[in-house]
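# Close look at the chain arrangement
Single-letter residue listing:
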Amino acid sequence: MPIRSTNYQFEERMNILAVEPFYSGSHKAFLKGLQEHSRHNIIPVNLSYKGRKWRMHGNAVVLAGMAQDVEAEIDLLLVSSMTDLPSFLSLTNPRFSEVPKVMYMHENQFTQPVPEGEERDLTYCYLNYLSMLSADRLIFSSNFHRDDFLNALPKFLQHYPDDLHYYPVDKIAAKSIVLYPGLDLKRFDAQPDQRDSNENPVIVWNQRWQFDRNPAMFFRVLNRLNDIDLKFDLILAGDTQHEKPEEFEKAWERYGRHITHFGYVENKESYSKLLHKGDIVVSTATYEFFCVAIMEAVYCGCHPLVPNRLHYPELIPKSLHKPLLHAPVLYDTEDDLFHYLKDLLTGETNPLPKASLQNINKHLGWDERIEQYDTVFEECSGMSISSALS
């Protein structure tokens, strides 16, 4: 996919049609960040959350109709990983046939966790696969995400009943790059720290209340700490719109008077106050592509205890994986997490200072990220469009 030029100064303001069939959560925050910070004109075409499977199956017709109402001449098409791109292109043909297409991979259907007892529906993998072939550039949210997907793709192709054709794997790999999502970190700057007033150390959970975040392990560790009479308070925030794991209700029964917040926080200021009151933020996720919530808590001064896998080793500077003078950040096993938490709660180890914590992810703020995104968009605008399999 040749680029006409990468050394020119791009002066024109592009019109970028941003197609998002799943305008919720991190997808919504990402698109709003682009709109606010990009030097180009981001024109959104969005559908609200109504279920992953329906959005992948049913989005193309409605989105194509909405795109018809956009009168501006489009220089670049930016779609999210929930988009059925081939259907969208055929329904809008020939309008975008010569327009470069960029797909941002918030997630993929090949390695997205499925609940226990369910089997992966390969229909959605195939929709994802065709969309990725149809795009001219793929942007993944982390190196872990990109590598994990590329390892999973050949296994998926083994389900083909015909001769195996692995060459599309190389096509997809060649047009794949990694750009971390930008985060709206400045919104947390106005809130002062409140953790000095904590009666007990405060442990934060601010992720989705779902099985893939492994709340069972989180509460097992807390129960072990509680069994040896260690004192701590809890902030249990995060997205609760899905079916709630029973562990949260059990936690309310056991820790009720030590839970200072329980449930989703709609108000941004209230959310910021909670994070500035937390001492420690914990992830026990079995799988995730990029956890914005953990990075937000770290920026606000919560010492992270996160798995030594997934995308965390690449996001945490190596010097902080196991700091010499402060508590570890990455853990390998459930027992490790228990001991690291115990040492923090008893004062055997000290949390990292806020300045060190903010150095972990200040480069993820939109002020730092947007230049890379705009540069990629400008480079893609110079692409010579060719067949997906040529």
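The structure this text deals with has already been given above.
The shown structure was predicted, so the numbers you read here are calculated from the model rather than taken from an experiment.

Calculation notes
- Residues numbered from 1 in each chain as written.
- Predicted model: local features only at pLDDT ≥ 70, side-chain atom pairs only at ≥ 80, totals over all residues.
- Heavy atoms only, no water.
- Helix = DSSP H or I, 4+ residues; strand = E, 2+ residues; numbered from the N terminus.
- Expected span 1.5 Å × (residues − 1).
- Buried < 20%, exposed > 50% of the residue type's maximum accessible area, 1.4 Å probe, protein only.
- Axes fitted to C-alpha atoms, helices over the stretch in contact; angles between N-to-C directions.
- Parallel < 35°, antiparallel > 145°, perpendicular 65-115°, else oblique.
- Left-handed = near helix turned anticlockwise from the far one by under 90°.
- Contact = heavy atoms within 4.5 Å.
- Nonpolar A, V, L, I, M, F, W, Y, C, P; charged D, E, K, R; others polar.
- Pairing = 2+ DSSP bridges.
- Arc of directions from axis to C-beta.
- Salt bridge = Lys/Arg side-chain N within 4 Å of Asp/Glu carboxyl O.
- Patch = residues over 30% accessible without salt bridge, like charges linked within 9 Å, V, L, I, M, F, W, Y side chains within 5 Å.
- Areas by Shrake-Rupley, 256 points an atom, 1.4 Å probe, with all protein chains shown as cover.
- Core = buried A, V, L, I, M, F, W, Y, C linked by side-chain atoms within 4.5 Å.
- Polar contact = N/O pair within 3.5 Å; in protein donor to acceptor, adjacent residues only side chain to side chain.

Between its terminal C-alpha atoms helix 7 (residues 215-227) stretches 18 Å, which fits the 18 Å expected from 13 residues at 1.5 Å a residue. Listing the buried residues of helix 7 in full gives Pro 215, Met 217, Phe 218, Phe 219, Val 221, Leu 222 and Leu 225.

The next point concerns the packing of helix 7 against helix 8 (residues 246-255). Where helix 7 contacts helix 8, the two axes come as close as 10 Å, and the packing angle between them is 20°. With respect to helix 8, the element helix 7 is oriented roughly parallel. For helix 7 against helix 8, the interelement crossing comes out left-handed. Along the contact surface, helix 7 presents Pro 215, Ala 216, Phe 219, Leu 222, Asn 223, Asn 226 and Asp 227, while helix 8 presents Glu 247, Phe 248, Ala 251, Arg 254 and Tyr 255. When the residues that make up the contact of helix 7 with helix 8 are grouped by side-chain class, the tally is 7 nonpolar, 2 polar and 3 charged.

Of the consecutive residues Asn 93 and Pro 94, the connecting peptide bond is found in the cis state with omega at 10°. With respect to the element layout, Pro 94 can be found in the loop between helix 3 (85-92) and strand 4 (101-105). One non-glycine residue with positive phi stands out, namely Asp 229, at about 65°. Along the chain, Asp 229 falls in the loop between helix 7 and strand 8 (233-236). With a relative accessible area of 61%, Asp 229 lands in the exposed category. In this structure, Leu 310 takes a positive phi of about 55° despite not being glycine.

Let us now look at the sheet that holds strand 2 (residues 41-48). Here 6 strands make up an open sheet; going across it, the order is 2-1-3-4-5-6 and the pairing parallel. Two strands bound the open sheet, and with one partner strand each, they are strand 2 and strand 6 (176-178). Averaged over neighbouring strand pairs, the angle between their axes works out to 20° when direction is ignored. Each of strand 1 (15-23), strand 2, strand 3 (76-80) and strand 4 touches helix 1 (residues 25-37); the most contacted strand, strand 1, lies at about 160° to it. Where helix 14 (residues 366-380) meets the sheet, its contacts fall on strand 1, strand 3, strand 4, strand 5 (137-140) and strand 6, and the angle it forms with strand 3 comes to roughly 125°.

Every α-helix winds through 3.6 residues per turn, so residues three or four apart in the chain are directed the same way. Among the residues of helix 3, those classed as buried are Leu 85, Phe 88, Leu 89 and Thr 92. The buried residues of helix 3 all sit within an arc of 95° when viewed along its axis, so they share a single face.

Okay, the pattern of salt bridges next. Scanning all chains against the criterion turns up 18 salt bridges. Across the pair Glu 378 and Arg 39 runs a salt bridge, and its minimum N-O distance is 2.7 Å. With Glu 378 in helix 14 and Arg 39 in the loop between helix 1 and strand 2, the pair connects residues that are 339 residues apart, well separated along the chain. Residue classification places Glu 378 among the buried positions, given a relative accessible area of 8%. Among the ionic pairs, Arg 224 bridges to Asp 335, the shortest N-O distance being 2.9 Å.

This part takes up the environment of Ser 142. Secondary-structure assignment places Ser 142 in the loop between strand 5 and helix 5 (143-157). Taking the relative accessible area as the measure of exposure, Ser 142 reaches 0% and is therefore buried. Placed 170 residues apart in sequence, Ser 142 and Tyr 312 show a C-alpha to C-alpha distance of 9.6 Å. When neighbours within four sequence positions are excluded, Ser 142 is seen to be in contact with Val 178, Tyr 180, Phe 289, His 311 and Glu 314.

It is worth spelling out a nonpolar patch on the surface at this point. Taken together, the side chains of Val 61, Val 62 and Leu 91 make up a nonpolar region of the molecular surface, amounting to roughly 270 Å² of accessible area. With relative accessibility at 60%, the residue Val 61 sits in the exposed group.

Further remarks concern the nonpolar core. One finds Val 204, Leu 275, Val 281, Ile 294, Met 295 and Tyr 312 to be the most contacted residues of the largest nonpolar core, which totals 39 residues. Residue assignment for this core shows that the elements contributing at least two residues are strand 7 (202-205), helix 9 (268-275), helix 10 (292-299), helix 11 (312-315) and helix 13 (354-361). Sort the elements by how many residues they give to this core and helix 10 lands first, with 6 residues. In contact with Tyr 312, not counting residues within four places along its chain, are Ser 283, Glu 288, Cys 291, Ile 294, Met 295, Val 306, Pro 307 and Leu 330. With 35 residues, the next largest nonpolar core counts Leu 63, Phe 88, Phe 140 and Ile 172 among its residues.

What follows deals with the side chain of His 303. Following the sequence through the fold, His 303 ends up in strand 11 (residues 303-307). Judged by relative accessible area, which is 0%, His 303 ranks as buried. Engagement of the side chain of His 303 in a polar contact is seen with the backbone oxygen of Pro 328, the distance being 2.8 Å. Ignoring any residue separated from it by four or fewer positions in sequence, one finds His 303 in contact with Asp 279, Ile 280, Val 281, Ala 327, Pro 328, Val 329, Leu 344, Pro 351, Leu 352 and Leu 357.

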